[in-house]
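# Inside the fold
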Amino acid sequence: MQISIAQLKAASVALTLLVVVAIGLWKLNQPVALPNPEFSMTETAPVITQFLIVDVQGKVRNPGVYELPAGSRVIDAIEAAGGLLRVANPGVNQARFLQDGELIEVGVRNSNDESGKINLNSATATQLESLPGIGPVLASRIVADRESNGPFQNVKDLDRVSGVGQHVLSGIGDLVVCE
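Residues numbered from 1 in each chain as written. Predicted model: local features only at pLDDT ≥ 70, side-chain atom pairs only at ≥ 80, totals over all residues. Heavy atoms only, no water.

This part takes up a nonpolar patch on the surface. Taken together, the side chains of Leu-15, Leu-18, Val-19 and Ile-23 define a hydrophobic patch exposed on the protein surface, amounting to about 390 Å² of accessible area. On the secondary structure map, Val-19 appears in helix 1 (residues 5–28). We classify Val-19 as partly exposed; its relative accessible area is 43%. (Patch = residues over 30% accessible without salt bridge, like charges linked within 9 Å, V, L, I, M, F, W, Y side chains within 5 Å. Areas by Shrake-Rupley, 256 points an atom, 1.4 Å probe, with all protein chains shown as cover. Salt bridge = Lys/Arg side-chain N within 4 Å of Asp/Glu carboxyl O. Helix = DSSP H or I, 4+ residues; strand = E, 2+ residues; numbered from the N terminus. Buried < 20%, exposed > 50% of the residue type's maximum accessible area, 1.4 Å probe, protein only.)

Take a look at the structure:
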């Protein structure tokens, strides 16, 4: 019995194919190693924390820096600081969601006016947010405009700020001063 070259080649191909199939089946039965989700040198996505750090100052029992769960509101920060001292108006929107690194100034008015009106030329963005119709975006626009264009001479000057319309002006006219 003599083996031809064609038979030898066919046997060689069959054996190679059998080894490849065997290796493939073996790899299918191996556990898959997943990357460690806690650490990756190539990860560039922002880290989402479960906590916020905020600084609570002003008319609260224990002013200071507090760590609160993500999704907390200003009222949660005030409670963490021991609650309000005897303040009729805390001067902040207590229902607003907190942002990490934020300063919450409770019951602080930046005004020389005895009536407690907010001074548009010295109020912080947080203080401006306590006004009706002014949220975080509009408050930061007012502060940025004041820093770029100088102080407001009167309440009507606010109309130079994008987003401040007649509705907002009529809602805050009696609550602010320009000193």
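On to the pairing of strand 2 (residues 64–69), then. The side chains of a regular strand alternate, residue by residue, between the two faces of the sheet. As judged from the six bridges shared by strand 1 (residues 51–58) and strand 2, these two strands associate in the antiparallel manner. If you follow Val-54 over to strand 2, its bridge partner there is Tyr-66. Connecting strand 1 to the next strand, strand 2, in antiparallel fashion are five residues. (Pairing = 2+ DSSP bridges.)

Of all hydrophobic cores here, the largest spans 19 residues; its most connected members are Leu-128, Ile-134, Ile-142 and Leu-158. Mapped onto this core, the elements with two or more residues apiece are helix 4 (136–149) and helix 5 (166–172). No other element matches helix 4, which puts four residues into this core. Within the second largest apolar cluster, 14 residues are counted, among which are Val-56, Tyr-66, Ala-77 and Val-92. (Core = buried A, V, L, I, M, F, W, Y, C linked by side-chain atoms within 4.5 Å.)

With 24 residues, helix 1 ought to run about 34 Å at 1.5 Å a step, and its terminal C-alpha atoms sit 35 Å apart, in line with that. With zero of 24 residues buried, helix 1 lies mostly on the surface of the structure. (Expected span 1.5 Å × (residues − 1).)

Relative to the elements of secondary structure, Thr-126 occurs in helix 3 (residues 125–128). Ignoring sequence-local partners within four residues, the contact set of Thr-126 consists of Gly-91, Val-92, Arg-96, Leu-103 and Glu-105. (Contact = heavy atoms within 4.5 Å.)

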